[in-house]
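# Architecture at a glance
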Amino acid sequence: MVHSTTAGHGHSPDQGDTKKLWEMMKSVQVAMMTTLDDNGRLNSRPMATLSHAGFEDGTLWFFTRAHSEKVDEIDRHWRVNLAYSNPDKQDYVSVSGVAEVVRDRDKIRFLWRDIMSTWFPQGPDDPEVALLKVSVDQAEYWDSPSSTMVYAYGYVKAKLTGQSPDPGDHAKIAFQ
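Report follows, based on the coordinates. These figures come from a predicted structure and were not determined experimentally. (Residues numbered from 1 in each chain as written. Predicted model: local features only at pLDDT ≥ 70, side-chain atom pairs only at ≥ 80, totals over all residues. Heavy atoms only, no water.)

## Concerning the overall build of the protein chain
Heads up, the rule is: Counting from the N terminus, the helices are the DSSP runs of H or I reaching at least four residues and the strands are the DSSP runs of E reaching at least two. A 1.4 Å probe rolled over the protein chains alone gives each residue an accessible area, and that area as a share of the maximum for its type sets the label: buried under 20%, exposed over 50%, partly exposed in between. Contacts between residues were defined by any pair of non-hydrogen atoms, one from each residue, lying within 4.5 Å. We get accessible surface area from the Shrake-Rupley algorithm with a probe of 1.4 Å; when it comes to residues, only the shown protein chains can shield them.
When helices and strands are counted, the protein chain shows 4 helices and 7 strands. The burial tally for the protein chain puts 41% of its 176 residues in the buried class. Taking the contacts inside the protein chain whose residues are at least 6 apart along the sequence as the reference set, 70% of them involve residues at least 24 apart. Just so you have it, the protein chain exposes about 10100 Å², and 53% of that area is on carbon and sulfur atoms.

## Some remarks on the pairing of strand β6 (residues 129-143)
Threshold: Strands are labelled as partners when DSSP assigns at least two bridges between them.
Both strand β3 (residues 59-65) and β6 contribute to a ladder of 7 bridges, which runs antiparallel. Residue pairing across strands places R65 opposite V129, the latter belonging to β6. Looking at chain direction, strand β5 (residues 91-102) and β6 are connected through 12 bridges and run antiparallel. Each residue of the ladder has a partner; that of G97, found in β6, is V136.

## Notes on the pairing of strand β4 (residues 79-86)
By the alternation rule, side chains of β4 split into V80, L82, Y84 and N86, which are all buried, and R79, N81, A83 and S85, of which none is buried. Where strand β1 (residues 30-36) lies against β4, 3 bridges are found, and the strand directions are antiparallel. Paired with M32 across the two strands is A83, which belongs to β4. The pairing of β4 with β5 spans 8 bridges and is classified as antiparallel. By the bridge assignment, A83 is partnered in β5 with S94. In textbook terms, the turn of a hairpin is the stretch between consecutive antiparallel strands, and for β4 and β5 this stretch comprises 4 residues, one of which, Q90, has a positive phi near 60°.

## Looking at the environment of T34
The criterion, for reference: Two N or O atoms count as a polar contact when they lie within 3.5 Å, although within protein this holds only if one can serve as hydrogen donor and the other as acceptor, and sequence-adjacent residues are included solely when both atoms are side-chain atoms.
Mapping T34 onto the fold places it in strand β1. Exposure remark for T34: the relative accessible area of 17% places this residue in the buried category. For the pair formed by T34 and P46, sequence separation is 12 residues and the distance between their alpha carbons is 9.0 Å. Setting aside its immediate chain neighbours within four residues, T34 contacts L42, N43, S44, R79, V80 and N81. Looking at T34, its side chain comes within polar contact range of the side chain of S44, at 2.6 Å.

## Digging into the packing of aromatic side chains
For the record, the criterion: Whether two aromatic rings pair depends on their centres lying within 6.5 Å, for rings of Phe, Tyr and Trp, where Trp uses its six-membered ring; planes under 30 degrees apart make the pair stacked, over 60 edge-to-face, and the rest tilted.
Within the structure shown, the criterion is met by 5 aromatic pairs. Arranged with centres 5.3 Å apart and planes meeting at 15°, the rings of W22 and F55 form a pair that is stacked. Within this pair, whereas W22 is found in helix α1 (residues 15-28), its partner F55 is found in the loop between β2 (42-48) and β3, the two being separated by 33 residues in sequence. Between the aromatic rings of W112 and F120, the centroid separation amounts to 6.4 Å while the plane-to-plane angle is 55°, which identifies the pairing as tilted. W112 gets classed as buried once you look at its relative accessible area, which sits at 13%.

## Some words on the pattern of salt bridges
Should the charged atoms of two oppositely charged side chains come close, the side chains can pair. The line we're drawing: A carboxyl oxygen of Asp or Glu within 4 Å of a side-chain nitrogen of Lys or Arg is what we treat as a salt bridge.
Going through the model one piece at a time under the given rule, you end up with 9 salt bridges. The shortest N-O distance in the salt bridge between E73 and R45 comes to 3.3 Å. In this pair, E73 sits in helix α2 (residues 69-76) while R45 sits in strand β2, placing the two residues 28 residues apart along the sequence. The exposure class assigned to R45 is buried, which follows from its relative accessible area of 15%. One salt bridge connects R109 with D125, and the closest N-O pair in it is separated by 2.9 Å. Pair noted here: R109 is in helix α3 (residues 105-111) and D125 is in the loop between α3 and β6, with a separation of 16 residues, a long-range link. Since its relative accessible area comes to 39%, R109 is described here as partly exposed. Given a relative accessible area of 48%, D125 falls into the partly exposed group.

Written out as structure tokens, the structure reads:
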């Protein structure tokens, strides 16, 4: 089944679609974050989503170095895209929004988990530790059937009837 949901200004996104979106993102955890540099080039890098921070208000959180290329790019061009992919399950998510650098020590300590010491051995009070807050304004997901039998059935159906198989769920979600 293919469906699309769009919430306009002043409307809340469909909670079922939003919940499914968040579950798909949490199961991947690492997104490719794309930023724009001053020469108009797109730069992507892997970023671990802080799934323990939740997604109730359409906000995603990431730890980063305060002095990094991505922070410089976000300071000048705050629009970002995040791509999540789980090919084993045929789950794909694209999220876009506005990023900002947050240096609030209380928020950093609140979101800190010991595993972050791998990248920031001096802990949450290291002046190089910062957060990226992404306020999501739109998202899109594709959840396709993933089993070999489903693909085999789709192939046979296409050959016999000339019709494509059911591509799975698809939704566009606007957050603002």
